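# Coordinate inspection notes
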Amino acid sequence: MSIKHVVSVSGGKDSTATLLIALERCPREDVLPIFCDTGNEHADTYAYLDYLELALDIKITRLKADFTEQLGAKRQFIARDVRTRREAVRREVVDAQGRPVQARRPGDGALIFDAAGKPVIKTRKCTGRKVRWSNRAKRRALSVMYPSGNPFLDLCMWKGRFPSRKAQFCTQELKTAMAVEFQLELMEAGHQVISWQGIRRNESQNRRNAKLSERVGGGLWIFRPIVEWTAEQVFEFAAARGIRPNPLYLQGMGRVGCMPCINCRKDELRAIALRFPEHPARIAEWERIVSMCSKRGFSTFMADAHDAKDRRVIFADLNIWTRIEWSKTTRGGQQRDLLIDLDDAGGCSSSYGLCDQSSLEAA
Ligand code: SF4
């Protein structure tokens, strides 16, 4: 039984450093780099993977989710849907003045607070909106719900919506599930698998407690060799080995991955719109298609809370072009940032101060 070292490569700095460590510490034939292609990547990332393959003399296995079956089943479901029931929803309870009522603990009646110390609002189950597909919505959805071959778009058509911070099914379906399937096949073939992950604790709050290694069981381990590193250490490590960073870091991108990510920061969205306008144009087209697949008739790439009931108003306020305009405003979103037009889209800017490493590019 041999040990296989599966390295998840995203085209970003952390996974590149992790790959370099794996190649230095393990037999090359047992290092298996994989890339989970979401279909929402920048062309530079695909080119960077080609560059890594050439520079390191390795093969990166591209994994791409296929939702043909799910879309077929959804088409059948929509065509046959004759449900007339209503979907139960929970609504916040308000007092006579319209103020939310705080929940109380059954028994002693003590006020309830969540883990962050915020009051928990009392909710009540009530009859919600109809869940049936109207004939019009059916016709609209069935006219576009065909596999496009793009995993991100097909996933959203199948779900009838874009992912959101609370329902981040993109990561699960397009990345985690693909990587797990790859590793399970290796385990079924009798190998032990170590999954190498380029995760750093100081990357985000969610990752602050990430462990160096974990035993998942059944012959699978997780190893995070750079868990204590800083971003600067990561760049230095690759540079010392003559490996240049993904060029996207030199063009204002703080992270490499989906272009854009549903959770991208305001300044990232602004930089993407300025430097890569073809990507917002693609997202706008996806919003049109996914809206047609939605029972409600609309879905926006970047979701947010909205009070309006009219779907046209919500779509107008939250679609990608409106969000880009918002990204050009100063804090508070009311006033346009007058310095924004002075930004030079052709110049070199980096969230990590990599501009002075442009010599690496030339090397
Ligand atoms: S969370 Fe962002 S980067 Fe991750 S799959 Fe979803 S859109 Fe892509």
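## Regarding the overall build of the protein
- Within the protein one finds 12 helices and eight strands.
- Within the protein, buried positions represent 43% of all 363 residues.
- Long-range pairs, those at least 24 residues apart, make up 69% of the contacts in the protein with a sequence separation of at least 6.
- Total accessible area on the protein stands at roughly 20100 Å², and carbon and sulfur atoms take up 51% of it.

## Section: the pattern of salt bridges
- Applying the stated criterion across every chain yields a total of 16 salt bridges.
- R207 is the salt-bridge partner of E203, the closest N and O atoms lying 2.8 Å from each other.
- Here E214 and R224 are joined by a salt bridge, their closest N and O atoms 2.8 Å apart. In this pair, E214 sits in strand β7 (residues 213–217) while R224 sits in the loop between β8 (220–223) and α7 (231–240), placing the two residues 10 residues apart along the sequence.
- Overall, E214 belongs to the partly exposed group, its relative accessible area being 31%.
- Its relative accessible area of 8% is what places R224 among the buried residues.
- Among the ionic contacts, a cluster of salt bridges with common partners joins D50, E53, K59 and R62.

## Digging into helix α11 (residues 320–327)
- Listed as buried for α11 are I320, R323, I324 and S327. The arc that holds every buried residue of α11, seen down its axis, measures 100°, which confines them to one face.
- In this structure, the buried side of α11 is in contact with α8 (266–275), α9 (278–292) and α10 (311–318).
- The N-cap of α11, judged by a side-chain oxygen 2.9 Å from the amide nitrogen of W321 a few residues on, is N319.

## Quick look at the environment of S291
- Inspection of the secondary structure puts S291 in helix α9.
- Judged by its relative accessible area of 8%, S291 falls in the buried class.
- Not counting residues within four places of it along the chain, the set of residues in contact with S291 comprises R140, G297, F298, S299 and F315.

## Quick look at the sheet that holds β7
- If you walk across this open sheet you meet the six strands as β3-β2-β1-β6-β8-β7, and the pairing is mixed. Edge positions in the sheet fall to β3 (61–64) and β7, since each has one partner strand and no second. On average, each strand axis in the sheet is inclined to that of its neighbour by 25°, with strand direction left out of account.
- Direction of pairing for strand β1 (residues 3–8) relative to strand β6 (residues 192–196): parallel, over a ladder of five bridges. Considered in β6, the bridge of V7 is made with W196.

## A closer look at the packing of helix α3 (residues 68–80) against helix α5 (residues 151–159)
- Between α3 and α5, the shortest axis-to-axis distance is 9 Å and the interhelical angle comes to 25°. Taken together, the axis directions place α3 and α5 in an arrangement best described as roughly parallel. For the crossing formed where α3 meets α5, the hand is left-handed. Each of Q70, L71 and K74 in α3 lies in contact with α5, whose residues at this interface are D154, M157, W158 and K159.
- Taken together, the residues of the contact of α3 with α5 sort by class into three nonpolar, one polar and three charged.

## Looking at the pairing of strand β2 (residues 31–37)
- The buried count for β2 comes to six of seven residues, which makes it a mostly enclosed element.
- As paired elements, β1 and β2 share four bridges and run parallel to each other. When the bridges of β2 are listed, V6 appears paired with L32.
- Handedness of the crossover is the feature at issue here: the chain leaves β1, passes through helix α1 (residues 13–25), returns alongside β2, and the resulting connection is right-handed.
- Looking at chain direction, β2 and β3 are connected through four bridges and run parallel. When the sheet's bridge partners are listed, F35 is paired in β3 with R62.

## Re the side chain of H5
- Note on placement: H5 falls in strand β1.
- Leave out the neighbours within four places in its chain, and H5 touches C26, D30, V31, L32, I194 and W196.

## Some remarks on the nonpolar core
- Among the nonpolar cores identified, the biggest contains 46 residues, and F152, F162, L174, F301 and I320 are the most heavily contacted of them.
- Of all the secondary structure elements, the ones that give two or more residues to this core are β2, α3, α4 (135–142), α5, α6 (169–188), α8, α9 and α11.
- By residue number, the principal contributor to this core is α6, which donates eight residues.
- Counting 27 residues, the second-largest nonpolar core is a separate cluster that includes L23, W196, V234 and F237.

## Side note on unusual backbone geometry
- Cis geometry marks the peptide bond from M259 to P260, where omega comes out at 0°.
- As for its position among the elements, P260 is in the loop between α7 and α8.
- Positioned with a positive phi, D57 is a non-glycine residue whose angle comes to about 55°.
- Among the secondary structure elements, D57 is positioned in the loop between α2 (43–56) and β3.

Parameters at a glance
Residues numbered from 1 in each chain as written. Predicted model: local features only at pLDDT ≥ 70, side-chain atom pairs only at ≥ 80, totals over all residues. Heavy atoms only, no water. Helix = DSSP H or I, 4+ residues; strand = E, 2+ residues; numbered from the N terminus. Buried < 20%, exposed > 50% of the residue type's maximum accessible area, 1.4 Å probe, protein only. Contact = heavy atoms within 4.5 Å. Areas by Shrake-Rupley, 256 points an atom, 1.4 Å probe, with all protein chains shown as cover. Salt bridge = Lys/Arg side-chain N within 4 Å of Asp/Glu carboxyl O. Arc of directions from axis to C-beta. Polar contact = N/O pair within 3.5 Å; in protein donor to acceptor, adjacent residues only side chain to side chain. Pairing = 2+ DSSP bridges. Axes fitted to C-alpha atoms, helices over the stretch in contact; angles between N-to-C directions. Parallel < 35°, antiparallel > 145°, perpendicular 65-115°, else oblique. Left-handed = near helix turned anticlockwise from the far one by under 90°. Nonpolar A, V, L, I, M, F, W, Y, C, P; charged D, E, K, R; others polar. Right-handed = clockwise from strand over helix to strand, strands pointing away. Core = buried A, V, L, I, M, F, W, Y, C linked by side-chain atoms within 4.5 Å.

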